[in-house]
Amino acid sequence: MIYLDNNATTKPAPEAIDAVLKYMNERWFNPSSPYAPAEEAKRDLEEFRATVAGLLSCEPEEIIFTSGGTESDNAAIKGYAFANMDKGKHIITSQIEHKAVLGPLRWLENAMGFEITHLPVDSRGIVILEELERAIRPDTILVSVMSANNETGVIQPIEEIVRIAHEKGVAVHTDAVQSVGKVPVDIKSWGVDLLSASGHKFHGPRGVGFLFKRKGLKITALIQGGGHERKMRSGTENLAGIAGMTKALEIAVSGLHEYQAKVSALRDALERGITERIPEVIVNGAGAPRVPNTLSVSVKYVEGESMLLWLSDEGIYVSSGSACTSGSLEPSHVLLAMGLDHATAHGSLRFSFSRYNTMEDVERVLEVLPGVVERLRAISPFGKK
């Protein structure tokens, strides 16, 4: 098996699994209970919070543990909108956001009367900063732009976005699900007010993530109950999942330089091989800064879904776009926003590496993919006439 869909989910690290099992088998007590073993669990929970905060350059009380990236995005966007709608009901985002951001924004628009501006991107997939400056209005309360795109890996100029927004008194949220564990994330230097992350994107367990909320920022809790997570997210904490995620994050951050060198070499070798061996291929995001593990290509005259299935038959697992929309017949909204036509956007493949991949994986893809493309082009209705 050659697994190259690590932007969808990653294989849990053995150390993270061990941490989960420890807290499932030994430290399974409710951190909110009053007796000694539960108080130990509470201390462990706060130690994990402090560790996560330290690794990302923020304060422990600014970390809220959640069930993952989607909940964190919803908590940030809806929570800030509800708490600040007296100041305005205009929010700015980009055309290339993940559905976990676009979904709650659409809900705010349809159910609550908010107005949403979707910023365009250039052909490389980078938000046009001049459009952001023009879009900010007196009733703008929030800008939400992802730090790295899940399909193309393109990195956005978050510090510049923050500067522009803060000069107008507007808060900034970033979906950093595809950045944490892949590139240096320094919340203090980025200057964002809200940041979302998910453990299973950096070899932690699924079902756990966190939200950074800058100290003093006003948001409304979406989940009411017992007042857990400083009344920001009620519900008994998933201590085992938090333990596994924290261990995975420690490993990712401590080995970041080695990881980046390895996966960027694999990504670049695959990119060179594909463009040399297959004619009429577009590298999506070429020329832009990208996270080192991600390669998105559009192969003309072929459907991405067909390539994906043929590769799967060979034991090579990749994506034709975002895993959350892989069942859709619509082409990638990200690639359309970057200027690709519908037919070319339909021919996209995303390869995303992890530290467990090898150069042998790349060589195997390059053995198989050119033949797959050649056979599919011979029968494709999109082919040249």
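Q: Kindly report on the sheet that holds strand S10 (residues 294-299), identifying the contributing residues and their values.
A: Remark on secondary structure: sheet strands pair via backbone hydrogen bonds, oriented parallel or antiparallel. Spatially, the three strands line up as an open sheet ordered S9-S10-S12, and their pairing is antiparallel. Strand pairing shows two members of the sheet lacking a second neighbour, strand S9 (281-283) and strand S12 (348-352), which therefore form its edges. Pairs of neighbouring strands in the sheet enclose a mean axial angle of 25 degrees, with direction left out of account. Two strands pair when backbone bridges link them, and S9 and S10 are joined in this way by three bridges, in the antiparallel orientation. Paired with Ile282 across the two strands is Ser298, which belongs to S10. Contacts from helix H11 (residues 304-313) reach S10 and S12, with the element oriented near 45 degrees to S12.

Q: Residue-level account of helix H4 (residues 99-112), with values.
A: An ideal rise of 1.5 Å per residue puts 20 Å on 14 residues; H4 measures up with 19 Å between its terminal C-alpha atoms. Residues Ala100, Val101, Leu102, Pro104, Leu105 and Leu108 constitute the buried set of H4. Residues of H4 that are buried in the fold lie against helix H3 (69-84), strand S3 (90-94), strand S4 (115-119), strand S5 (140-144), strand S6 (171-175) and helix H12 (333-337). At the exit of H4 stands Gly113, carrying a positive phi of roughly 75 degrees.

Q: Hey, could you go over the pattern of salt bridges for me, with residue numbers and the actual values?
A: Considering all chains together, one arrives at 20 salt bridges under this definition. As a salt-bridge pair, Glu131 and Arg134 come within 2.7 Å of each other at their nearest N and O atoms. A residue pair is termed a helical-turn pair when its members lie 3 or 4 positions apart in one helix, as Glu131 and Arg134 do in helix H5 (residues 129-135) at three residues. When its relative accessible area of 27% is taken as the criterion, Glu131 is described as partly exposed. Linked by salt bridges that have partners in common, Lys42, Glu46, Arg49, Glu229 and Arg230 make up one network.

Q: An account of the sheet that holds S3 is requested, with residue identities and associated values reported.
A: The strand order S2-S8-S7-S6-S5-S3-S4 describes an open sheet built from seven strands, whose pairing is mixed. With one partner strand each, in any of the chains shown, strand S2 (63-66) and S4 form the two edges of the open sheet. Recorded for the sheet is a direction-independent mean angle of 20 degrees between the axes of neighbouring strands. Relative to S5, S3 is paired through four bridges, and the arrangement is parallel. In the sheet register, His90 faces S5, and the bridge partner there is Thr140. The strands touched by H4 are S3, S4, S5 and S6; relative to S3, the strand with the most contacts, the crossing angle is about 155 degrees.

Q: Got a sec to walk through the pairing of S4? Specific residues and values, please.
A: If a strand is regular, its side chains alternate between the two faces of the sheet. In the sheet, S3 pairs with S4 via five bridges, with the strands oriented parallel. Directly across from Thr93, in S4, lies its bridge partner His118. Each parallel crossover has a hand, and for S3 linked through H4 to S4 it is right-handed.

Q: Provide a residue-level description of the packing of aromatic side chains, including the pertinent values.
A: Tallied over the full model, the rule gives three aromatic pairs. Both rings, one in Tyr23 and one in Phe48, keep their centres 5.5 Å apart while their planes meet at 70 degrees; by these two values the pair is edge-to-face. Of this pair, Tyr23 sits in helix H1 (residues 14-25) while Phe48 sits in helix H2 (residues 36-56), and the two are 25 residues apart along the sequence. Of the two residues, Tyr23 and Phe48, neither departs from the other in class, the shared state being buried. Over the aromatic face of Tyr356 sits the side chain of Lys11, whose NZ or CZ is 5.6 Å from the ring centroid. The positively charged end of Lys78 is found above the aromatic ring belonging to Trp107, 4.7 Å away from the centroid.

Q: Talk me through the packing of H3 against H4; I want residue IDs and the actual numbers.
A: For any two helices packed against each other, the geometry is given by the interaxial angle and the distance between the axes. Two elements in contact, H3 and H4, have axes whose closest approach is 8 Å; the angle formed by their N-to-C orientations is 30 degrees. Judged by the sense of rotation from one axis to the other, the crossing of H3 with H4 is right-handed. Between H3 and H4, the residues in contact are Thr70, Asp73, Asn74, Ile77, Lys78, Ala81 and Phe82 and Ala100, Val101, Pro104, Leu105, Trp107, Leu108 and Met112, respectively. When the residues that make up the contact of H3 with H4 are grouped by side-chain class, the tally is ten nonpolar, two polar and two charged.

Scoring rules and cut-offs
Residues numbered from 1 in each chain as written. Predicted model: local features only at pLDDT ≥ 70, side-chain atom pairs only at ≥ 80, totals over all residues. Heavy atoms only, no water. Pairing = 2+ DSSP bridges. Helix = DSSP H or I, 4+ residues; strand = E, 2+ residues; numbered from the N terminus. Axes fitted to C-alpha atoms, helices over the stretch in contact; angles between N-to-C directions. Contact = heavy atoms within 4.5 Å. Expected span 1.5 Å × (residues − 1). Buried < 20%, exposed > 50% of the residue type's maximum accessible area, 1.4 Å probe, protein only. Salt bridge = Lys/Arg side-chain N within 4 Å of Asp/Glu carboxyl O. Right-handed = clockwise from strand over helix to strand, strands pointing away. Phe/Tyr/Trp six-rings, centres within 6.5 Å; stacked < 30°, edge-to-face > 60°. Lys NZ or Arg CZ within 6 Å of the ring centre and 35° of its normal. Left-handed = near helix turned anticlockwise from the far one by under 90°. Nonpolar A, V, L, I, M, F, W, Y, C, P; charged D, E, K, R; others polar.

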